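Summary of the model geometry
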Amino acid sequence: MSKPGPRPDPNAEIEQTDIESAVTRSGYPLEIRLLEAFERANMSPQIGTLFRPPDATHPRDPVPAREIDIVAHLSHRQPLGEHDAIYANLNLIVAAKNLAPAAAMVGFKWRDVPKRELELLRSQIGGSPTTVLDGYPEANALACAEGGFCDAFEPLARAPVCVQWAIARRDDAIEQERRYWRDLDVLIRAERANAVGDTHVYLRQRSPVKLLRFQVPVLVVATRTLHVCAALENNKFEQVDWFTVRRTVDLGDRVEERLVEVVTEKGLPNFIEACRRTMDGITALVRARSEEIVSVATAQHAKYLRAMEEAALDAAAARPR
């Protein structure tokens, strides 16, 4: 049995190899590479965006802000006369993660999911008009009916869909897996918080605003490939650059199904191209259904302002005299 070597001096000057190893593990070089990739795609990326998720359980207690590694977007402006327009955005909410060479990320399929289900899950509209507030169903047909915005998301519904995932390694350590789960939760909570927050901001304006915001949570993993396991087919494996995780998430005030795209760095160009085709579909629908968008936005705006006025009157009446 060999004796353990001497412990390194904690006060010794750090070596260049140690610096390089620590920087690689940090993930920051990956974030800079992703910034460059989204910039080349004209998606106006931002790094280190903070958001503060609402706390429906203890609304008066401050909730720590969370950081999104990168936010990038595609947008379209549809003029409505000289001073008005409809704005549409497809926002990518991105977490960037390194994966050690001695580990692999594996997604587990169950059975094929109809593309229509995936399109419907992606087509929630934040902003104005909206589908994300309770009691405001006016835009549901616009988003989900045949010929609605859900149709535009077909290019994003082509990846294998996984209902579970794991990180395979030679040992049983699970800390990295926990961090990935936390990051997926942060992405989904940011999607919900952004959609609801934007909607309140735009609906309470003095005049109707027409801004449709669609969001796609994305986990980009610096690994050579992803693995998909078909457990019902004798654990048949395939290697892919992109799969979709479908899971049910506790959002604080509700539990809902959500999708997160998991993409390798090498597969990012193909994923961005699918996003571009999706935005082309959104743009075509904004042009074709602009009158309906304006009508629904105007109706929801008036409804929201009435609700605010009634809430203010109720609050005034409840005050002790």
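Residues numbered from 1 in each chain as written. Predicted model: local features only at pLDDT ≥ 70, side-chain atom pairs only at ≥ 80, totals over all residues. Heavy atoms only, no water.

A word on helix α7 (residues 290–318)
An α-helix turns once every 3.6 residues. As a result, residues three or four positions apart point the same way. Applied cut-off: Runs of E in the DSSP output that reach at least two residues are strands. Runs of H or I that reach at least four are helices, and both are numbered from the N terminus. A helix is expected to span 1.5 Å for every residue after the first. Exposure categories follow from relative accessible area, calculated using a 1.4 Å probe and restricted to protein chains: below 20% of the type maximum is buried, above 50% is exposed, and the middle band is partly exposed.
Helix length check: α7 (29 residues) gives 42 Å between terminal C-alpha atoms against 42 Å at 1.5 Å per residue, within 8%. Looking at α7, one finds that the buried residues are Ser290, Ile293, Val296, Ala297, Gln300, His301 and Tyr304.

Brief notes about unusual backbone geometry
Along the chain, serine 128 connects to proline 129 via a cis peptide bond; the corresponding omega equals 5°. Residue position: proline 129 is located in the loop between β5 (126–128) and α4 (140–144). Despite not being glycine, asparagine 234 has its phi angle at roughly 55°, a positive value. On the secondary structure map, asparagine 234 appears in the loop between β9 (226–230) and β10 (236–240). Residue classification places asparagine 234 among the exposed positions, given a relative accessible area of 76%. Positive phi is not limited to glycine here, since asparagine 235 has a value of about 55°. Relative to the elements of secondary structure, asparagine 235 occurs in the loop between β9 and β10.

Considering the sheet that holds β9
Under the convention used in this document: One bridge is not enough; two strands pair if DSSP finds at least two bridges between them. Axes here mean lines fitted to C-alpha atoms, for a helix over just the part in contact, with angles spanning 0 to 180 degrees between N-to-C directions.
Ordered by their spatial adjacency, 4 strands build an open sheet running β7-β4-β9-β10, and the pairing between neighbours is mixed. The open sheet has two free edges, formed respectively by β7 (164–168) and β10, since each of these has just one partner strand. Each strand axis lies, on average, 30° off the axis of its neighbour in the sheet, ignoring direction. For strand β4 (residues 104–109) and β7, the ladder comprises 5 bridges, and the chain directions are antiparallel. Its bridge partner lying in β7, alanine 104 is registered against alanine 168.

Comments concerning empty space enclosed by the protein
What counts here: Space inside and on the surface of the protein is sampled on a 1 Å grid over the protein atoms alone, with a cavity defined as a set of points where a 1.4 Å probe fits but cannot get out and a pocket as an open set with protein on both sides within 12 Å along at least 5 of 7 lines; lining residues have an atom within 4 Å of a point. Grid points are joined across faces, edges and corners, and a volume is the space filled by probe spheres set on the points. Under the scheme applied, nonpolar residues are Ala, Val, Leu, Ile, Met, Phe, Trp, Tyr, Cys and Pro; charged residues are Asp, Glu, Lys and Arg; polar residues are all the others, including Gly.
Counting across every chain of the model gives 2 cavities of 30 Å³ or more. Its boundaries defined by the atoms lining it, the largest cavity holds a volume of some 90 Å³. Lining the largest cavity, in full, are Arg122, Gln124, Ile125, Gly126, Val132, Glu191, Arg192, Ala195, Arg213, Phe214, Gln215 and Arg258. Elements with a contribution of two residues or more to the lining of the largest cavity: α5 (175–203) and β8 (211–222). Grouping the amino acids of the lining of the largest cavity by side-chain chemistry returns 4 nonpolar, 3 polar and 5 charged. Size it by volume and the second largest cavity reaches roughly 70 Å³. In terms of lining, the second largest cavity is formed by Leu121, Arg122, Glu191, Gln215, Val216, Pro217, Arg258, Leu259 and Glu261. For the lining of the second largest cavity, the secondary-structure elements that each account for two or more residues are α3 (115–122), β8 and β12 (255–264). When grouped by side-chain class, the residues that make up the lining of the second largest cavity number 4 nonpolar, 1 polar and 4 charged.

Overview of the pattern of salt bridges
So the rule is basically this: We define a salt bridge as a side-chain nitrogen of Lys or Arg found within 4 Å of a carboxyl oxygen belonging to Asp or Glu.
Applying the stated criterion across every chain yields a total of 22 salt bridges. The residue arginine 116 makes a salt bridge to aspartate 151 at a minimum N-O spacing of 2.5 Å. Within this pair, whereas arginine 116 is found in helix α3, its partner aspartate 151 is found in the loop between α4 and β6 (161–162), the two being separated by 35 residues in sequence. Looking at arginine 116, the relative accessible area reads 26%, which means it is partly exposed. The salt bridge partner of arginine 258 is glutamate 256, with a shortest N-O separation of 2.7 Å. Here arginine 258 falls in the buried class, since its relative accessible area comes to 3%. Taken together, the shared-partner salt bridges in this structure form one network comprising Asp134, Glu191, Arg254, Glu256 and Arg258.

What to know about the pairing of β8
Across the 12 residues of β8, 12 count as buried, placing the element largely inside the fold. Alternating residues of β8 divide into Leu211, Arg213, Gln215, Pro217, Leu219 and Val221 and Leu212, Phe214, Val216, Val218, Val220 and Ala222, and every residue in both groups is buried. Sheet topology note: the strand β3 (residues 84–98)/β8 ladder contains 12 bridges and is parallel. Opposite tyrosine 87, over in β8, you have leucine 211 as the bridge partner. Of the pairings in the sheet, the one linking β5 to β8 comprises 3 bridges and is antiparallel in character.

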